[in-house]
Amino acid sequence: MLGKRLIGVITVHGGWAVQSFGYGRYLPLGRPEVLARNLDRWGADEILLSCIDRTSSGNGPDYRTIERVAAAGLTTPLVYGGGIVRSQDGVAAVSAGADRVVVDAMLRDVPAEVDGLAERLGAQAVIAALPVSSGPQGLLHYDYRARNAAPFAPLILDLLRSGAIAEALVINWRGEGGTGFDLDLIERFPDPKIPLIPFGGLSNADLLRTVLMREQVAAAGIGNALSYREHAIRLLKRELGDIALRPHSFNRWTAN
Amino acid sequence: MSARLVGIVDYGIGNVASVERSLRMLGFRSRLSHDPDVLDGCDVIILPGVGAFPGAMEALHRHGMTHYLQERAEAGKPIVGICLGMQLLADRSSEIRPTPGLALIPGYVEPLQDARWHIGWNTLEVLQDDPLLMPGDGRSLYFNHSYVMHTSPEYCIGVARLGQPFTPFTVAVRRGNLVGLQFHPEKSQAAGLHILKQVIEGLGHAG
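Residues numbered from 1 in each chain as written. Chains lettered and ligands numbered in written order. Predicted model: local features only at pLDDT ≥ 70, side-chain atom pairs only at ≥ 80, totals over all residues.

Regarding unusual backbone geometry
All names here are of chain B. The backbone of Ala 103 sits at a positive phi, close to 55 degrees, despite the residue not being glycine. You can see Ala 103 is positioned in the loop between β6 (99-100) and β7 (107-111). On the basis of neighbour count, Ala 103 is assigned to the partly exposed category, with 15 C-beta atoms found within 10 Å. In this model, Gln 189 sits at a positive phi of 55 degrees, which is unusual for a non-glycine residue. With respect to the secondary-structure elements, Gln 189 resides in helix α6 (residues 189-206). (Helix = DSSP H or I, 4+ residues; strand = E, 2+ residues; numbered from the N terminus. Buried ≥ 20, exposed ≤ 12 C-beta atoms within 10 Å, placed from the backbone.)

Quick notes on helix α3 (residues 63-70) of chain A
Every buried residue belonging to α3(A) is among Thr65(A), Ile66(A), Val69(A) and Ala70(A), and all of these are buried. Along the long axis of α3(A), the arc covered by the buried residues comes to 130 degrees, so they all point the same way. Where α3(A) is buried, its residues touch β1 (5-13), α1 (32-42), β4 (46-51), β5 (78-81) and α4 (87-96) of chain A together with α1 (16-25) of chain B. (Arc of directions from axis to C-beta. Contact = placed C-beta atoms within 7 Å.)

Section: the nonpolar core
With 150 residues, the main nonpolar core has Leu49(A), Val101(A), Val126(A), Leu169(A), Val170(A) and Ala220(A) as its most contacted residues. Broken down by element, the residue count for this core peaks at seven residues, all from α6(B). Dropping the residues within four chain positions of it, Val170(A) is found in contact with Leu130(A), Val132(A), Leu185(A), Ile186(A), Phe189(A), Leu196(A), Ile197(A), Pro198(A) and Phe199(A). (Core = buried A, V, L, I, M, F, W, Y, C linked by C-beta atoms within 7 Å.)

Focus on the interface of chain B and chain A
Across the contact, 35 residues belong to chain B and 32 residues belong to chain A. Looking at the side of chain B that touches chain A element by element, the count peaks at six residues for strand β8 (residues 118-123) of chain B. Looking at the side of chain B that touches chain A, its residues break down into 12 nonpolar, 18 polar and five charged. (Nonpolar A, V, L, I, M, F, W, Y, C, P; charged D, E, K, R; others polar.)

Description of the sheet that holds strand β9 (residues 125-126) of chain B
Residues and elements named next belong to chain B. Taken in spatial order, the eight strands of this open sheet run β2-β1-β3-β4-β14-β13-β12-β9, and their pairing is mixed. Whereas interior strands pair on both sides, the edge strands pair on one side only; in this sheet they are β2 (29-33) and β9. Across the face of the sheet, helix α4 (residues 66-74) comes into contact with β3 (44-47), β4 (79-82) and β14 (178-181) while running at roughly 130 degrees to β4. (Pairing = 2+ DSSP bridges. Axes fitted to C-alpha atoms, helices over the stretch in contact; angles between N-to-C directions.)

Comments concerning the confidence of the model for chain A
For chain A, per-residue confidence averages 91 on the pLDDT scale, and residues scoring 70 or more make up 97% of the total. Across chain A, β5(A) holds the top mean pLDDT of 98, while helix α2 (residues 54-57) of chain A sits lowest at 83. (pLDDT = per-residue confidence, 0-100.)

Some thoughts on the sheet that holds strand β5 (residues 92-93) of chain B
All names here are of chain B. Spatial strand order, β6-β5-β7-β11: four strands in an open sheet with mixed pairing. Of all the strands in the sheet, the pair left with one neighbour each is β6 and β11 (147-151). For β5 and β7, the ladder comprises two bridges, and the chain directions are parallel. Within β7, the position partnered with Ser 93 by the bridge is Val 109.

Topic: the pairing of strand β8 (residues 138-143) of chain A
Residue and element names in this part refer to chain A. The sheet contact formed by strand β7 (residues 126-135) and β8 spans four bridges and is antiparallel. Looking at the pairing, Gly 135 lines up with Gly 138 of β8. Connecting the antiparallel pair β7 and β8 is a turn made up of two residues. Two elements, β8 and strand β9 (residues 148-151), share four bridges in a ladder whose sense is antiparallel. Bridge pairing links Leu 140 to Pro 151 in β9. Linking β8 to β9, which pair antiparallel, is a turn of four residues; within it Arg 147 sits at a positive phi near 55 degrees.

Take a look at the structure:
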């Protein structure tokens, strides 16, 4: 049976893994490849490398960091997000070592590129990053660059429904770095058929259980909470024994 | 005995570095190439694949690999298709537009029936007690696809299902020395590496 996933999220700023607090304050954690290697050993179901300064700086994807992380010899699927604006950016990110890509600015700036990306990588490799918050009339889609929030543009909803995007990373941007998740972000999501990956503030097993029990939720992203203890993914999976997850295990290859 | 030499078909599609690194981890030597002479010198050929069927077939044609793979398969060369590489072994696919495949294993590729996507870790159910796959029976492996290969039961050696009420679908095929794996063994942690090792060593000896 297909299990729900726990995705270890590594936030990267300036080439360094950081602990992020509301995408405003950053505490350096070390080299991304070291964190990725830990998540790989601890049995994460996917690893998301989120380079949060690439779009705003206009520097495009951080291929060097992807290559460094991929060269760590991971046997866990690697998802990359940051600076992907054109379809060839996404293709190049995969060539550099990613297995899937997250798009954000592309959705707003050049939505026509999403179809091209899906055709070249397969739509199953494409995830939409949606920083959202709850408003009186429904969910609000936050724009990091303009620093404002507005209802979802119809074009973005059409893209999500078109089949060119497999999953939506629902980013609780207001609670990111904190210890809580606004369930409205799942329950008021404008389309109940789009698989969701909640992220931001999912700091303990109880919170994770609450979101993973939602049918629409395919996976959950965990960031800062993994920085505080060894084998955090394994321990969380053990605590979430009642959820249909891949069993927790230590990922170590031995020839015998 | 020297380590098996594995050729990885380089046709500009996907993340082949992961496959290379996994092979190295398993103690195999590898060559990434679309040069027939280089691939001929390998014990086993891996056909990787990420993306959509039409683009991948187009790339195989462009690199002169279509006829090469068909001829070598006919001659009994061990070939392993991974993910989209497995689907390319079929006769045709309806993904995006009708496209002929390599036609090495009778079958066709269509969208999944019970869901739009099959993304994540799922349990492999091995059929026919195939010795190449048996170490993976009941293990969780990583899948990432939305189309699935339909083939005759004689070629189907592994299935998965989305849940109990749903119909099982083919995720592993075999026709002699041709093997297709819909999951990513190189991205399925220790369980995937065990299967990859078993398949390459099993086929390598058969070849």
